[in-house]
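Read off the chains here:
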Amino acid sequence: MKKTLAALAGAVTALSLALTGCSGSAAQPSPTATEIVPRQISWLLSRPADGSVISIVKKLADEYAAKHPGFSLNLITTPDRPSYLQKLQTLAAANQLPELFDTDATPFTQKLVKQGKLVDVQKMLTDLGLYDKYRPLALAYQRFDDGGLYMVPFEFELEFFWYNKALFQKAGVSVPKTLDDIVSLCKPLRDSGVIPISVDGQDGWPLLRYMSYQPFRVAGPDYIDKLKKGEAKMGDEVGSKAVQWMANLGSNKCFQDGFSSQGYTDARDLFTSGKSAMYQIGTWELASLTSKDLPASVRDNVDFFTLPTVDGAVTADNEYTVVSGIGMAVSQQTYDPLMKDFLKFVLDNYSERLAASGHLTPMKGYEPTIPDGSSELYKRALAEVNNLGEKIAFPWDTKLDPTTNTLMQQELTLLVQGDSTPESFEQKIDASIAENAPKFFG
Amino acid sequence: MLPGRSRASVLVFLVPPLLLYLVAVALPIVQSLVLSFFSWDGVTDLQAVGFANYVKMFTADPIFWRAFANTMVYLAVCLFFQLGVSLFVANLVSYAGRGKEVAKTLYLLPAIISTVAIAFLFQRIYSYEPPGLINQILSTVGLGDLARPWLSEVNTVLVAVSAPEGWRFTGLYMLILYAAILAVPKELEEAARLDGASTWQVFAHVRFPYIRPVWVTTMIMASTYSLRGFDIPYLLTNGGPGQASELLTTYMFKTAFRSTDFGYASTIAVFIVIECIIAVGLILLVLKRGTDNS
């Protein structure tokens, strides 16, 4: 019996060793090679499968493959962000990152950079002669605090507050000039029978956007960099002003009842069906906000305003949240002449095609083609890009350490629902930053 | 002692599944146990931290205890459906005449629907804006004041996310219990009835003692499945609002894949394994006592 057990234990050990032995990276290019050797490469994405980025890149990869037999691009997309991040972290832990993968400039990505796993994109784009072609704001969104650039942007979107002119008129209110005005709009809008603002509460990040507005106006874009390291406190003047504003949005019933269990499309549908008067989202939703299929009462009345200001604001009216989407990182381990050549081909041609599909581009100098039959609003919204200031309001979810990020999203829901107090919110966030920030920013 | 040839055939048949079990179940548990003594973000090197993760879990993590308490409520709701309602329905079906087969199939149906579909279904059922099934019924019968966003209120969300899981497998356990009821000798029940026993008395003194071992087995299955419940709460509310529907499993998932703290997540995983073992132990103890008494 003992012998059998020993044999069993041996077999298990051998099997587990065999399994770990199999986990070495597949095709390892030699760093000194200069020749382009076509092979299959993979890009792990977190983007909509039928979106512009994937369809354009797919076409470009096919064209490249036609000239380079043996080359193919395997696109693996997981649009659901939490599932995607789980996949990415598992692969990173197993040292199995593919040639290309999507990621934001998060503290986790910074760890990968410190491990030397990512190609320095600033250097790469300079090498390829493309660096100066990019909009500085598109690159700024992808940068880490220290200015390091390790991701390539594939989008450029402006975030606005969309509103329904007819519903505003019915309630007798006008476009808010300050953030506090938004709060005071809520009661008249509610009284007129509409939801003041529809928000996707299920995902957490939209509420976190609201949280970032007051500090961006009052203290500028650097505030979050101080807060995340514990150099500024949520309980300080700037922080508590933002917390109180969020609580006021809740107590004035600005968001739809039950928002915390409503998702992305629920929030959008409330606005596009004329049930809510305001909706905060980026220009990536332009097509659905100006669609011919919308009821005329909504389509003819949709308009937008940019982030309102505050008294004594340190950022200009034309500075607000601008994003260049989740970026694409390039694995250092597999970066070879083929990768370099392929990326040059894709990036050289990408922006032109993206503009042709009616989107703003991360590179300068491409005018988006306005889709046939779309309303005048489409053009007007995109034209705002020519009026942009120099600073951008960074989404906090890419800045905070992951534990505090999750906690802040959870606690914001409670705060806005009135299930928690501003004091308790501030105290919990400050405690979480004190405990978790050193692990990422120490 | 088995003769030589039989021993060989036993080994041939048992070793492959045993190996599979060791690699797929035992090994990860041991790995989690080892990892729970380290701090690891998945990228940088492992750092040994001794019992620090356990100390933090038991003494300095209010979210962990909140999740534990929520898990107990989740368990209670699931057991109510899977042991109580299913037993009741199994009895009803055993008395039913025509339509028995249809009823059984309909009850079993939710167990074969995909979890994601069930989560979407209940998201609509609980919806407040636009009103879902529950809120519509409430306003139709004049109880509109009770209508609420069931998944957004901290007081209702936990039961709301537990009920679909309980409901889902009610049919499955009903079928198991129904099969057990069929095995109860009819003569015993008839004799009891001739002696003047009511339906309740027949159930309490004849049927139930007879099917008790099966009921305990379903209890073990239902408890361990519920303690590991993850998908429906995760899909419906992701533990929210706040931590109102956070279970140990969803908290473990977030700790591992959002906070990238694999060491601490493993500590929670070890706790879940121990919790399941204790639950099964307690149930078996109750069964043994019951058997001794009878």
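None of these values were measured; they are calculated from a predicted model.

So, how was this worked out
Along each chain, the written sequence defines residue order, and numbers are assigned to residues from 1. Here the convention is simple: chains get letters from A, ligands get numbers from 1, in the order in which they are written. With pLDDT at 70 or above as the cut-off, local features in this predicted model cover only qualifying residues; side-chain atom pairs require 80 or more to be listed or tallied, and sums for whole chains, interfaces and linings still use all residues. Each helix is a run of H or I in the DSSP string that is no shorter than four residues. Each strand is a run of E no shorter than two, and both are numbered from the N terminus. It is over C-alpha atoms that the radius of gyration is taken, and the globule rule equals 2.2 Å times the number of residues to the power 0.38. Distance between backbone-placed C-beta atoms decides contact: two residues are in contact if it is within 7 Å. Any two strands are treated as partners once DSSP identifies two or more bridges connecting them. Structurally, a nonpolar core is described as a collection of buried Ala, Val, Leu, Ile, Met, Phe, Trp, Tyr and Cys residues joined by way of C-beta atoms within 7 Å. Exposure classification rests on a simple neighbour count of other C-beta atoms within 10 Å of a residue's own: a residue reaching 20 or more is buried, one at 12 or fewer is exposed, and one in between is partly exposed. C-beta atoms are placed from the backbone. Domains are outlined according to an automatic or database domain assignment. The nonpolar class holds Ala, Val, Leu, Ile, Met, Phe, Trp, Tyr, Cys and Pro. Asp, Glu, Lys and Arg form the charged class, and all remaining residues, Gly among them, are polar. The predictor's confidence in any single residue is recorded as pLDDT, a number from 0 to 100. Crossover handedness is defined here as right-handed if the route from the first strand over the helix to the second strand goes clockwise, with the strands pointing away from the viewer. The angle between two axes is taken between their N-to-C directions and runs from 0 to 180 degrees, where each axis is a line fitted to C-alpha atoms and a helix contributes only its stretch in contact. Throughout, a crossing is termed right-handed when the near helix is turned clockwise from the far one, and left-handed when it is turned anticlockwise from it by less than a right angle. We define the bend at any residue as the angle between the axes fitted to the seven residues before and including it, ending there, and the seven starting there.

Peer 1: In this structure, what is going on with the overall build of chain A? I would like to understand it.
Peer 2: Looking only at helices and strands, one finds 18 helices and 10 strands in chain A. In terms of overall size, chain A behaves like a compact globule, its C-alpha atoms giving a radius of gyration of 24 Å where 442 residues would be expected to give roughly 22 Å. With respect to the three principal axes, the spread of C-alpha positions in chain A is 80 × 60 × 40 Å. The long-range share in chain A, meaning contacts at least 24 apart out of those at least 6 apart in sequence, stands at 77%.

Peer 1: Help me out: how do you make sense of the overall build of chain B in this one?
Peer 2: Within chain B one finds 12 helices and 2 strands. Tracing chain B from N to C terminus, the helices and strands come up as α-β-β-α-α-α-α-α-α-α-α-α-α-α. Each principal axis of the C-alpha atoms in chain B carries an extent, and together these give about 75 × 75 × 35 Å. Considering only residue pairs separated by 6 or more positions, chain B has 69% of its internal contacts joining residues 24 or more positions apart.

Peer 1: How should the sheet that holds strand β1 (residues 40-45) of chain A be read in this particular structure?
Peer 2: Sheets are built from strands that pair by backbone hydrogen bonding, the pairs being arranged parallel or antiparallel. Residue and element names in this part refer to chain A. As summarised here, the arrangement of the 5 strands in space is β2-β1-β3-β10-β4, forming an open sheet in which the pairing is mixed. Where the open sheet ends on each side, the last strands, each with one partner, are β2 (72-77) and β4 (151-152). Of the pairings in the sheet, the one linking β4 to strand β10 (residues 327-330) comprises 2 bridges and is antiparallel in character. From the neighbouring strand, Met-151 faces β10, where its bridge partner is Ala-329.

Peer 1: Before we go on, may I ask you to explain the interface of chain B and chain A in this structure?
Peer 2: It is common to give the size of an interface as the accessible area that goes away when the parts come together. Taken together, the 24 residues of chain B in the interface contact 28 residues of chain A. Counting only elements with at least two residues in the side of chain B that touches chain A, the list comes to α1 (4-35) and α11 (248-257) of chain B. In terms of residue count, the dominant contributor to the side of chain B that touches chain A is α1(B) (4 residues).

Peer 1: Would you mind showing me how to read the nonpolar core here?
Peer 2: Of all hydrophobic cores here, the largest spans 167 residues; its most connected members are A:Val121, A:Trp162, A:Met246, A:Leu249, A:Val330, B:Leu177 and B:Met252. Considering every element that reaches this core, the biggest residue donor is helix α7 (residues 157-182) of chain B, with 12 residues. Two domains each put at least three residues into this core: domain 1 (36-156 + 325-368) and domain 2 (158-322 + 390-441) of chain A. Those residues in contact with A:Trp162 that sit more than four places away from it in its chain are A:Phe271, A:Met278, A:Tyr279, A:Ile281, A:Leu289, A:Val302 and A:Phe304.

Peer 1: Mind showing me how you'd approach the domain arrangement of chain A here?
Peer 2: Residues and elements named next belong to chain A. Split into domains, chain A comes out as domain 1 (36-156 + 325-368) and domain 2 (158-322 + 390-441). Once you take the C-alpha centre of each, domain 1 and domain 2 turn out to be 29 Å apart. Taken together, the contact pairs 10 residues of domain 1 with 9 residues of domain 2. Contributions of two or more residues to the side of domain 1 that touches domain 2 are made by α4 (107-114) and α6 (136-142). Of the residues belonging to the side of domain 1 that touches domain 2, the class tally is 7 nonpolar, 1 polar and 2 charged.

Peer 1: Can you help me understand the environment of A:Pro438 in this one?
Peer 2: Relative to the elements of secondary structure, A:Pro438 occurs in helix α18 (residues 422-441). Taking C-alpha positions, A:Pro438 is 16 Å from A:Lys114, a pair spaced 324 residues apart along the chain.

Peer 1: I would appreciate a short explanation of the confidence of the model for chain B in the present structure.
Peer 2: Detailed reading of predicted coordinates is not advised where the pLDDT is low. Of the residues in chain B, 98% have a pLDDT of 70 or more, and the chain-wide mean is 91. Under the prediction, the complex receives an ipTM of 0.85, its pTM being 0.87.

Peer 1: Looking at this structure, how should I read the pairing of β1(A)?
Peer 2: Consecutive side chains along a regular strand alternate between the two faces of the sheet. Residue and element names in this part refer to chain A. As defined by bridge partners, β1 adjoins β2 across 6 bridges and the pair is classed as parallel. Bridge pairing in β2 links Leu-44 to Ile-76. In terms of handedness, the path from β1 via helix α2 (residues 52-67) over to β2 forms a crossover that is right-handed. Two strands pair when backbone bridges link them, and β1 and strand β3 (residues 100-103) are joined in this way by 2 bridges, in the parallel orientation. Bridge pairing in β3 links Leu-44 to Phe-101.

Peer 1: Looking at this model, I keep getting lost on the packing of helix α3 (residues 62-95) of chain B against α7(B). Mind explaining?
Peer 2: Between two packed helices, the angle of one axis relative to the other and the distance separating the axes together describe the packing. Interaxial distance between α3(B) and α7(B) falls to 6 Å at its minimum, and their mutual angle equals 35 degrees. Judged by the twist between their axes, the crossing of α3(B) over α7(B) is right-handed.

Peer 1: What is the right way to look at the confidence of the model for chain A in this model?
Peer 2: Confidence in the prediction for chain A averages 90 pLDDT; 93% of positions are at 70 or higher. Counting contacts from residues 1-31 of chain A, a segment whose pLDDT is below 50, to residues more than four positions away or on other chains yields 15 contacts.

Peer 1: Help me understand the environment of A:Leu91 in this model?
Peer 2: Tracing the sequence through the fold places A:Leu91 in helix α3 (residues 81-93). Sequence-distant contacts of A:Leu91, defined by excluding residues within four places in its chain, comprise A:Gln96 and A:Leu97.

Peer 1: Please explain helix α8 (residues 179-191) of chain A as it appears in this structure.
Peer 2: Two residues of an α-helix separated by three or four positions point the same way, owing to the 3.6 residues in each turn. Residue and element names in this part refer to chain A. Helix geometry: α8 is bent most strongly at Leu-185, by close to 25 degrees, with proline Pro-188 lying one to four residues after it. For α8, the set of buried residues is Leu-179, Ile-182, Val-183, Leu-185, Cys-186 and Leu-189. Against α7 (165-171), β6 (195-198), α9 (205-219), α11 (237-251) and β7 (276-282) lie the buried residues of α8. Gly-193 sits one or two positions beyond α8 and adopts a positive phi of about 90 degrees.

Peer 1: Whenever I open this one, unusual backbone geometry confuses me. Can you help?
Peer 2: The phi torsion of most residues other than glycine is negative, and most of the peptide bonds are trans. A cis amide bond links B:Glu129 with the next residue in sequence, B:Pro130, at an omega value of 0 degrees. On the secondary structure map, B:Pro130 appears in the loop between α5 (115-126) and α6 (133-140). Residue B:Pro241 follows B:Gly240 across a cis peptide bond; omega there is -5 degrees. Considering the arrangement of structural elements, one finds B:Pro241 in the loop between α10 (231-236) and α11. For A:Lys253, which is not a glycine, the phi torsion comes out positive at approximately 55 degrees.

Peer 1: Explain the packing of α3(B) against helix α9 (residues 199-227) of chain B here, please?
Peer 2: All names here are of chain B. Between α3 and α9, the shortest axis-to-axis distance is 10 Å and the interhelical angle comes to 145 degrees. For the pair α3 and α9, the sense of crossing is right-handed. Seen from α3, the contacting residues are Thr-71, Tyr-74, Leu-75, Cys-78, Leu-79, Gln-82, Leu-83, Leu-87 and Asn-91; seen from α9, they are Phe-203, Trp-215, Thr-218, Met-219, Ala-222, Ser-223, Ser-226 and Leu-227. Looking at side-chain class alone, the contact of α3 with α9 contains 11 nonpolar, 6 polar and no charged residues.

Peer 1: Which parts of the structure should I look at to understand the environment of A:Pro98?
Peer 2: Residue and element names in this part refer to chain A. With respect to the helices and strands, the residue Pro-98 is situated in the loop between α3 and β3. Measuring from C-alpha to C-alpha, the distance between Pro-98 and Ala-329 comes to 9.8 Å, with 231 residues separating the pair along the chain. Beyond its immediate chain neighbours, meaning those up to four positions away, Pro-98 contacts Ser-42, Trp-43, Leu-44 and Ser-331.

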